[in-house]
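Below, each chain spelled out in residue letters.
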Amino acid sequence: MIRHLLSAGDLSLEDATLVLDTADEMARLTEGRAVKKLPTLRGRTVVNLFFEDSTRTRTSFELAAKRLSADVVNFSAKGSSLSKGESLKDTALTLEAMGADGVVVRHSSSGAPYRLATSGWINACVVNAGDGTHEHPTQALLDAFTMRRHLGELAGKKIVIVGDVLHSRVARSNVLLLATLGAKVTLVAPPTLLPNGVDAWPCATSYDLDDALAGADAVMMLRVQNERMNAAFFPSAREYSRRYGLDSRRQALMPPEALVLHPGPMNRGMEITAEVADSARSVIVEQVTNGVYVRMAVLYLMLAGTNTTEEA
Amino acid sequence: MTPILIQNARVLGGDPQDILIDDGVIVALGAGLRPEGEHSSVDATGLIALPGLVDLHTHLREPGREDAETVETGTKAAARGGFTAVHAMANTDPVADTAGVVEQVWRLGREAGHADVRPVGAVTIGLKGERLAELGAMAESAAGVRVFSDDGLCVHDAQLMRRALEYVKAFDGVIAQHAQEPRLTEGAQMNEGELSGRLGLRGWPCVAEEAIVARDVLLAAHVGSRVHICHLSTKGSVEIVRLAKERGLPVTAEVTPHHLLLTDELVAGYDPRYKVNPPLRTAEDVAALREALADGTIDIVATDHAPHPVEAKDCEWDAAAFGMLGLETALSVVQHTMVDTGLLDWAGVADRLSFAPARIGRCDTGDVPHGRPVAAGEPANLTLVDPSTTTTIDPSTSASLSRNTPYEGMKLPGTVVATFLRGRPTHSITAGTTGGHA
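As annotated in an unreviewed UniProt entry, chain B carries the name Dihydroorotase and is attributed to Jiangella mangrovi. Annotation of chain B in UniProt includes, under Pathway (unreviewed entry), the sentence "Pyrimidine metabolism; UMP biosynthesis via de novo pathway; (S)-dihydroorotate from bicarbonate: step 3/3." The annotation that UniProt attaches to chain B under Sequence similarities (unreviewed entry) is "Belongs to the metallo-dependent hydrolases superfamily. DHOase family. Class I DHOase subfamily."

As annotated in an unreviewed UniProt entry, chain A is Aspartate carbamoyltransferase from Jiangella mangrovi. What UniProt records for chain A under Subunit (unreviewed entry) is the sentence "Heterododecamer (2C3:3R2) of six catalytic PyrB chains organized as two trimers (C3), and six regulatory PyrI chains organized as three dimers (R2)." Chain A has a UniProt comment under Pathway (unreviewed entry) that states "Pyrimidine metabolism; UMP biosynthesis via de novo pathway; (S)-dihydroorotate from bicarbonate: step 2/3."

Student: Outline the overall build of chain A, supporting the account with residue identities and numerical values.
Tutor: For chain A, the helix and strand inventory stands at 11 helices and nine strands. Taking 312 residues into account, the globule formula puts the C-alpha radius of gyration at 20 Å, and chain A, at 19 Å, falls close to it. Across its three principal directions, the C-alpha atoms of chain A cover 55 × 40 × 35 Å. Within chain A, buried positions represent 58% of all 312 residues. Put simply, of all contacts in chain A between residues at least 6 apart along the chain, 76% involve residues at least 24 apart. By element, 50% of the accessible surface of chain A is carried by carbon and sulfur atoms, the whole surface being about 12300 Å². Of the charged side chains in chain A, 33 are positive and 35 negative; the average position of the first set lies 5 Å away from that of the second.

Student: Tell me what's going on with the UniProt feature "active site" (unreviewed entry) in chain B, and back it up with residues and numbers.
Tutor: Residues and elements named next belong to chain B. Residues annotated by UniProt as "active site" (unreviewed entry) correspond here to Asp304. Here aspartate 304 is to be found in the loop between β15 (300-301) and α10 (330-339). Given a relative accessible area of 6%, aspartate 304 falls into the buried group. Aspartate 304 has contacts with Asp55, His57, His59, Asp151, His231, Thr256, His258, Asn277 and Met324, leaving out every residue within four places of it along the chain.

Student: So, the interface of chain A and chain B: which residues are in play, and what are the values?
Tutor: Taken together, the 19 residues of chain A in the interface contact 18 residues of chain B. Among the residues chain A hides against chain B, the three largest losses belong to Ser110, Arg115 and Asn196 of chain A. Together they make up 36% of the total. Scanning the region where chain A abuts chain B turns up two salt bridges. With a shortest N-O distance of 2.6 Å, aspartate 314 of chain B and lysine 89 of chain A are connected by a salt bridge. For the interface between chain A and chain B, the tally reads 10 residue pairs in polar contact (both at pLDDT 80 or more).

Student: Just give me the short version of the UniProt feature "binding site: Zn(2+) 1" (unreviewed entry) in chain B, but keep the residues and values in it.
Tutor: All names here are of chain B. Listed under "binding site: Zn(2+) 1" (unreviewed entry) in the UniProt record, and renumbered for this structure, are His57, His59, Asp151 and Asp304. The named residues occupy 248 residues along the chain; their greatest pairwise C-alpha distance, 9.7 Å, places them in one compact cluster. With respect to the secondary-structure elements, histidine 59 resides in the loop between β6 (53-58) and α1 (71-80). Taking the relative accessible area as the measure of exposure, histidine 59 reaches 5% and is therefore buried. Apart from residues lying up to four places away in sequence, histidine 59 is in contact with Glu69, Met89, Asn91, Asp151, Asp304, His305, Ala306 and Pro307. A polar atom in the side chain of histidine 59 sits 3.4 Å from the side chain of histidine 57. Mapping aspartate 151 onto the fold places it in the loop between β9 (147-148) and α4 (158-167). Under the relative-accessibility criterion, aspartate 151 is labelled buried at 4%.

Student: Before we move on, could you go through the confidence of the model for chain A and cite the residues and values that matter?
Tutor: In this model, chain A carries an average pLDDT of 92, and 94% of its residues clear a pLDDT of 70 or more. This model gives residues 306-312 of chain A a pLDDT under 50, and the stretch forms 12 contacts once residues within four places in sequence are excluded.

Student: Can you lay out the domain arrangement of chain A for me, pointing to particular residues and giving the numbers?
Tutor: Residue and element names in this part refer to chain A. If you check the domain split of chain A, you get domain 1 (4-135 + 291-304) and domain 2 (137-288). Across the domain 1 to domain 2 interface the summed buried area is about 2300 Å²; carbon plus sulfur atoms make up 61%. It is Leu20, Arg56 and Thr133 in domain 1 that bury the most area against domain 2; as a group they hold 25% of the surface buried on that side. For the pair domain 1 and domain 2, the interface holds five salt bridges. The salt bridge involving aspartate 24 is made with arginine 149; its shortest N-O contact spans 3.6 Å. At the boundary of domain 1 with domain 2, the tally comes to 12 residue pairs in polar contact (both at pLDDT 80 or more). Secondary structure elements with two or more residues in the side of domain 1 that touches domain 2: α1 (13-30), α2 (55-67), β3 (102-107), β4 (125-131) and α11 (284-303). Per-element accounting of the side of domain 1 that touches domain 2 gives the leading share, nine residues, to α1. Of the residues belonging to the side of domain 1 that touches domain 2, the class tally is 16 nonpolar, 11 polar and nine charged.

Student: Give a detailed account of the sheet that holds strand β14 (residues 251-255) of chain B, specifying residues and quantitative values.
Tutor: All names here are of chain B. The strand order β9-β10-β13-β14-β15 describes an open sheet built from five strands, whose pairing is parallel. Bordering the open sheet on either side are β9 and β15, each of which pairs with just one other strand. Pairing of strand β13 (residues 227-229) with β14, which is carried by three bridges, proceeds in the parallel orientation. Considered in β14, the bridge of histidine 228 is made with threonine 252.

Student: Describe in detail the nonpolar core, supporting the description with residues and values.
Tutor: All names here are of chain A. Within the largest apolar cluster, 88 residues are counted, with the highest numbers of intra-cluster contacts made by Met147, Leu187 and Leu299. It is α11 that provides the largest number of residues to this core, a total of 11 residues. Here this core spans two domains, since at least three of its residues come from each of domain 1 (4-135 + 291-304) and domain 2 (137-288).

Rules used in this analysis
- Residues numbered from 1 in each chain as written.
- Chains lettered and ligands numbered in written order.
- Predicted model: local features only at pLDDT ≥ 70, side-chain atom pairs only at ≥ 80, totals over all residues.
- Heavy atoms only, no water.
- UniProt positions renumbered as here; feature names shortened; annotations may be inferred.
- Helix = DSSP H or I, 4+ residues; strand = E, 2+ residues; numbered from the N terminus.
- Rg over C-alpha atoms; globule rule 2.2 N^0.38 Å.
- Buried < 20%, exposed > 50% of the residue type's maximum accessible area, 1.4 Å probe, protein only.
- Contact = heavy atoms within 4.5 Å.
- Areas by Shrake-Rupley, 256 points an atom, 1.4 Å probe, with all protein chains shown as cover.
- Lys, Arg positive; Asp, Glu negative; His and termini not counted.
- Charge placed at Lys NZ, Arg CZ, Asp CG, Glu CD.
- Buried area = accessible area lost by both parts, 1.4 Å probe.
- Salt bridge = Lys/Arg side-chain N within 4 Å of Asp/Glu carboxyl O.
- Polar contact = N/O pair within 3.5 Å; in protein donor to acceptor, adjacent residues only side chain to side chain.
- pLDDT = per-residue confidence, 0-100.
- Domains from an automatic or database assignment.
- Nonpolar A, V, L, I, M, F, W, Y, C, P; charged D, E, K, R; others polar.
- Pairing = 2+ DSSP bridges.
- Core = buried A, V, L, I, M, F, W, Y, C linked by side-chain atoms within 4.5 Å.

Listed below in structure tokens is the structure:
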């Protein structure tokens, strides 16, 4: 298993499968049980280093670490030295001095976890919990885990990812991971919200959502961030919703067993209607539950045993 | 000052000759010179003699950011790199937008004595791009400013750029443009391309440079004034400048050493040492820039020496400052990319790094001229280079106050063995000295 999880692209098919299988095991060991705690990471210290607000992701990681009996420390930007301008390097040196074994980092700057892991500031394992517009590998893992539970092995499955791909770390990680798992991914977005060079990514692209939905095994809607609304990426929220929103009419174009996913938080009525979000095909709430199992698996595989001194 | 006899130097890469310097002037040039009287000798066998290098684009940071660089340390680095004159960019604090500030920088250079400092004046007050600075006052000051630039920022208002170009005609000035269309580069972090999309870093598209280059050469042609394009970085910019020159338009252009060598692929590791403005581009752009420098489409190499304190680079990519050191490594990079590849001979290097930048900056005439031929009667501004050695770049040995070099650990050819400013050694690592010191 890799020493740091910085990009979904770091995971080989073997690694990714191991994480997903381990997450299955974590689910089996804790689902429906009154006592969900395992002793696996007792004595290990996991630091949630969140330079950017994200209650959902932080809580998910915190819960995952606690279910493995790790000691968990939450470092948030608000009200800490981080909000007083302390640098990433100084924060890392502090965590190192405190004996952190694993650092889960969320940062608004793309590549910040990479710097943390490779600059020699810290020896702890680093898990990227979302960096700028770069990647969010555990989100991709939980998405894959959720889809695998419903669809079986993902090789050959058609996955459609819709929306603001340009600014989406979720989309980047999903494209890489799903390609590794053998799925066929199609990105659907207006041309302004597709990244430069997307042609070189291991996926197809389309501007036409109606066309892409036919034959889809799963459709993943991405959140449209409010600041994009007035930044000329598209003319209006209404036009975006009409062309790229998932509503009942479009849902009817999908095969009956196809899944609907969303990384949350959702703009109901914008990229997805409430009717679709709450439909029987939606696995959006389940994604949140599965996030804990996947993060337990990641922390377990990275921190248990003696692998902390191995090189990536 | 005791006369100095430099023996067996290959002037501009030609056959070995002796150079006799007395009282700051080259008094004789030829084979087997035997001066009478006391003098010191320098054995320059195997060394190339070049005219003292002239940098049209240096950031000395003083006043205001003396933690990054001072005129003293920056010019010392310049001397080590073989430069005898540097043009100090105006984005200091306070901005060099008045006669007072440019004179201060000029005097600091004189006092330090390592290289002549030619201040660049800001085009607009405070680099704000709103109102013209007192360009005439700066031109008439003791600093004698001839190059004006808001470098770091683009003069993006077309009307203001037109007025600036027109106004400096009165004193034969030149506007050095940092070509960057601001709206197209909001938040830009690296070259826009497949890699920026993959890394999640906002892209800096080539067209943001090319649109301004195209506009400004047309403006310069319209008003009949000189425009100089700073740090060209794209193949498209090269094509525009080539087309403009074919039409006889009054445009000159520079390329930095790092844009001749490094590509955007280096950004993949998020190492802020590679963060620079304009950004590192593709291998195709690098090839076009080299070709353009060789054929004269690009007139000069300019370092864009941009020192930053450690904390400005030892951080995450977004938070890091743009810029890298350049003075001490420029000649090595040029030898590596242009000479050793057969694209340029040493006479060409002398042109691109001394004659042409001095001509563009109008410091090839006057009281303290630079970029003059290595000939009898000319000021003894000289650089001796050993092209046969290879150096592993170690930033800890830099004369600069800063350490932000992208070449750390890289093996580069060529060593600047000695630099003479009006006959006085400002840098020397030669051991081949007899009868005195150099």
